[in-house]
Structures are given as structure tokens and as C-alpha cells.
Amino acid sequence: ASVFAGIAQAPEDPILGVTVAFNKDPSPVKVNLGVGAYRTEEGKPLVLNVVRCAEQMLINDPSRYKEYLPITGLAEFNKLSAKLIFGADSPAIQENRVVTVQCLSGTGSLRVGGEFLAKHYHEHTIYIPTPTWGNHPKIFTLAGLTARTYRYYDPATRGLDFNGLVEDLSSAPLGSIVLLHACAHNPTGVDPTVDQWEKIRQLMRSKSLLPFFDSAYQGFASGSLDKDAQPVRMFVADGGELLMAQSYAKNMGLYGERVGALSIVCGSADVAVRVESQLKLVIRPMYSRTPGDWSHIIKQIGMFTFTGLNSEQVAFMRQEYHIYMTSDGRISMAGLNMKNLPHLADAIHAAVTK
Ligand code: PMP
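If you're wondering where the values come from, they're calculated on a predicted model, not measured in any experiment.

Novice: Quick question: what am I supposed to make of the sheet that holds strand β1 (residues 98-104) here?
Specialist: Think of a sheet as strands paired side by side through backbone hydrogen bonds, with each pair either parallel or antiparallel. Sheet architecture is open: 7 strands sit in the order β1-β9-β8-β7-β6-β2-β3, paired in mixed fashion. This sheet does not close on itself; its edge strands, each paired only once, are β1 and β3 (146-151). Strand-to-strand twist in this sheet, taken as the mean axis angle between neighbours without regard to direction, amounts to 25°.

Right, here's the structure in full:
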């Protein structure tokens, strides 16, 4: 007997289910054209040389540790990720109007962005193209938004239904969110031309439609990372706001590692600071372990507690709170008393939520 005995069998994911069926097929001539993952001429998974090199560097660096990252992830990764899509010389980045948080690949970035909008944006309808990647409506609906569609593909021409797209976005309520595939639209492989992008941009800005770009294939459309980012950069160049979900599953071949980022381009640096603080609140209860569980402080024995604070946090606490400990995060419990304990708790909280 099981308390879960009444649970129905869920259907296979329409994309990943293709692989399940493929694996079951004993035929020697079978071919899997379902999942979007690079394969060698022999049909084997491919790891890019640059990824192998980076992995070697990581393995051979003994100073690397596996401490918790801040809620927003690895700061250097976030900076580079924003530069990759918005351009190294992006004025929005230079003006500190871009907030970037590391997320669990493209899917996680879309989800965090969706939840942020559901909580903090006045319009809860998101327009997604027909067709689109099958996960889009589910991600946004679960995040608390309402998904509606705009026309995108015209089966008759096997190209873009530009008039349909313009009509549908023109009749969307003011301020609606619009999901745009940054390049190499999935599943159609049909992108607007630069001229069409410019018309879409003007239309969206004139109706205050909020762009939410999904960039899962930067580099796949033209072979150039910069060229593929051009439509996005047109929307940043006009000074308006937008959301950007980036996935490195495909263009770095890091499918299983779940590497991605969500950026929000804000109207001012001041807004960006507040947006970032709210993104942390979205991420923390979803999957972040920071500030986390501190029960080890009680479980550990002896005179010391190994707090798990990293050297950066230790330095912060010394500078801002005048609390001194070794840089490995070890504290002597003997130095604590009922008077200084609240001060320490405040300092730890500030350090881990920074
Ligand atoms: N958006 C689109 C359009 C995609 O095709 C994909 C991958 N199939 C993703 C986002 C996200 O994939 P991942 O979560 O693996 O980065």
C-alpha cells in the first residue's frame, strides 16, 4: 500500500519523450532527430575543446573551493554574460542599469524572470509566439503569468507572418509582456529581418509592451555572437527596459550543467539596485542555499565553529562590522557573549545576503 497509490502516470515530455522512445527502439538504423543537442559524425555527444580546456584549468587549480555563492551567483560570470549579449561597450552596462543574476540555464532564467514580473509588474499577460518552444507556456503559467499568443509563423510561406505579428501586438493591452526569441527561433528557424525587428521595436515601445528576450541560441543564426545579439541591442539602444534570459546549454554545449543568466535592463541605476534586491527574494526560497541552514554551528563540537563564511564575507564583516575571525571563516565560540551575539548575527546576515 502507498499513500501515493492513486497517482496517475504523467505523460512523457513531448521533446524528451522522443529520446525515451528512441532508446527503447532496438533497430540498427534508428536516428534520433528529437532533442536539440550536438552530435559527432558517429552520433556521439560532443564536448567543445574550449570547454575541455576550461575544465582542465579548474581541476588543476588547487585554490578553488566549493563554497556557497551569493544568491545572485558568480559576479564575474554575470558581468561577462551581460557583456556577451548587450556588447562590451553597452551604455546600459556602463550606466549600471543592468542587473544580472546567475540562473539554472535558460529555463531557470525564464522562470525567475516570470516570477519577478508576476510579483512586481502591473501587467500579468505575456504574449508568446505561435509556435514556440513547448516549455514557454508552462514556465510562465506556473510563474503566475497568463500566457497568450501572437502570430509568428506562416505555414503557407514557411516564413514569418509579419503582418499577423504586427496585428496581434498592436491589439495587445498596453504594457503587456512580449516574449521574443532573440535569434534562431525554436522551433521554426525563422527570424525577423533587421528592418522587421526595427518595426517591432517601434511598435512595442509605442505601446509600452515589455520585451522579454529568450536567448538560447546566440551564435547559431549567423555564426557571430555579436551579429546574433543585434536585435536585442537595438532594444537596449533606445534606452527602454527589458528582460533577457540567456542559456549556455546550446552555444557552449553545457546542456546538463544548467548554466544561464537573467538580466534586467532598467531605466536607472537606482531602479536596478532595487530590482536586484527583489530578484534575490525570488531566488532564495526557490533554490538558493544562502543564507541557508546554520544548524552546523550547534552540531560542531569543541572550541571553534567553522561557519562556512568565505574569505570575501569574512573581509566584509571585518570592514563593516569590526568582527574579526580567520579568513577561512572559523570563529572561536569563546569570544562570544550574550552582548555581542546579536551584532554577530546582524553581520552574518548582511554578509550572506549582500
Ligand atoms: N528557450 C528556448 C527557445 C529553447 O529552445 C531552450 C532549449 N531547448 C531553452 C530556452 C532553455 O533550455 P535550457 O534550460 O536547457 O537552457
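Next comes the rest of the write-up.
Novice: What exactly am I supposed to notice about the site of the ligand here?
Specialist: Taken together, G36, S105, G106, T107, W133, H181, N186, D214, A216, S247, A249 and G260 are the residues near the ligand. In terms of residue class, the shell around the ligand is made up of 3 nonpolar, 8 polar and 1 charged.

Novice: Explain the packing of helix α7 (residues 162-170) against helix α8 (residues 194-206) to me, please; I cannot follow it from the model alone.
Specialist: Helices that pack against each other are described as a pair by the angle of their axes relative to one another and the distance between those axes. It is at 10 Å that the axes of α7 and α8 come closest, and there the two elements cross at 10°. The angle between α7 and α8 places the two elements in the roughly parallel class. Seen from α7, the contacting residues are F162, V166, L169 and S170; seen from α8, they are Q196, L203 and M204. The class makeup of the residues in the contact of α7 with α8 is 5 nonpolar, 2 polar and no charged.

Novice: Before we go on, may I ask you to explain unusual backbone geometry in this structure?
Specialist: Most peptide bonds take the trans form, and the phi angle of most residues other than glycine is negative. Cis peptide bonds are those with omega within 30 degrees of zero, and the linkage from T130 to P131 qualifies with -5°. Locating P131 in the fold gives a position in the loop between β2 (125-130) and α6 (135-143). A positive phi is found at N96, a non-glycine position, where the angle reads about 60°. As for its position among the elements, N96 is in the loop between α4 (91-94) and β1. Phi is positive for A184, which is not a glycine, with a value near 50°. The buried category is assigned to A184, around which 20 C-beta atoms lie within 10 Å.

Novice: Just checking my understanding: could you explain α8 for this structure?
Specialist: Residues separated by three or four positions in an α-helix point in the same direction, a consequence of the helix having 3.6 residues per turn. In this model, α8 (13 residues) spans 18 Å end to end at C-alpha, consistent with the 18 Å of a helix rising 1.5 Å per residue. S208, located one to two residues past α8, shows a positive phi value of around 55°.

Novice: Can you help me understand the environment of A216 in this one?
Specialist: One can find A216 in the loop between β7 (210-215) and α9 (225-228). Between the C-alpha atom of A216 and that of G260, which follows or precedes it by 44 residues, the distance is 9.2 Å. Not counting residues up to four positions away in its chain, the partners in contact with A216 are G106, N186, S247, A249 and K250.

Novice: How should the packing of helix α13 (residues 311-321) against helix α14 (residues 341-353) be read in this particular structure?
Specialist: Remark: α13 packs on α14, axes separated minimally by 9 Å, with the N-to-C direction vectors making an angle of 130°. By the criterion of interaxial angle, the relationship of α13 to α14 is oblique. The element α13 and its partner α14 pack so that their crossing is right-handed. Contact residues: α13 offers Q313, F316, M317, E320 and Y321, while α14 offers H343, A347, A350, A351 and V352. Its residues assigned to classes, the contact of α13 with α14 comprises 7 nonpolar, 2 polar and 1 charged.

Novice: Looking at this structure, I do not really get the environment of V275. What am I missing?
Specialist: Tracing the backbone through its elements, the reader meets V275 in helix α11 (residues 269-283). Between the alpha carbons of V275 and I301 there is a distance of 41 Å; along the sequence they are 26 residues apart. Ignoring anything within four residues of it in the chain, the contact list for V275 reads V99, I264 and C266.

Novice: Quick question: what am I supposed to make of the confidence of the model for the chain here?
Specialist: Fine structural detail should not be taken from predicted coordinates in areas where pLDDT scores are low. Per-residue confidence for the chain gives a mean pLDDT of 94, with 99% of residues at or over 70. We note a pTM of 0.84 for the whole complex and an ipTM of 0.97 for its interfaces.

Novice: Just checking my understanding: could you explain the pairing of strand β9 (residues 259-265) for this structure?
Specialist: The two faces of a sheet get side chains in turn, since along a regular strand they alternate between them. Burial of β9 is extensive: 7 of the 7 residues sit out of reach of the surface. The alternating pattern of β9 places V259, A261, S263 and V265 and G260, L262 and I264 on opposite faces, both of which are buried. When β1 meets β9, the two strands line up antiparallel, connected through 7 bridges. What sits directly across from L104, in β9, is V259. Pairing of strand β8 (residues 242-247) with β9 involves 6 bridges; the strand directions are antiparallel. When the sheet's bridge partners are listed, L242 is paired in β9 with V265.

Conventions used here
- Residues numbered from 1 in each chain as written.
- Predicted model: local features only at pLDDT ≥ 70, side-chain atom pairs only at ≥ 80, totals over all residues.
- Pairing = 2+ DSSP bridges.
- Helix = DSSP H or I, 4+ residues; strand = E, 2+ residues; numbered from the N terminus.
- Axes fitted to C-alpha atoms, helices over the stretch in contact; angles between N-to-C directions.
- Near = placed C-beta within 6 Å.
- Nonpolar A, V, L, I, M, F, W, Y, C, P; charged D, E, K, R; others polar.
- Parallel < 35°, antiparallel > 145°, perpendicular 65-115°, else oblique.
- Contact = placed C-beta atoms within 7 Å.
- Buried ≥ 20, exposed ≤ 12 C-beta atoms within 10 Å, placed from the backbone.
- Expected span 1.5 Å × (residues − 1).
- Left-handed = near helix turned anticlockwise from the far one by under 90°.
- pLDDT = per-residue confidence, 0-100.

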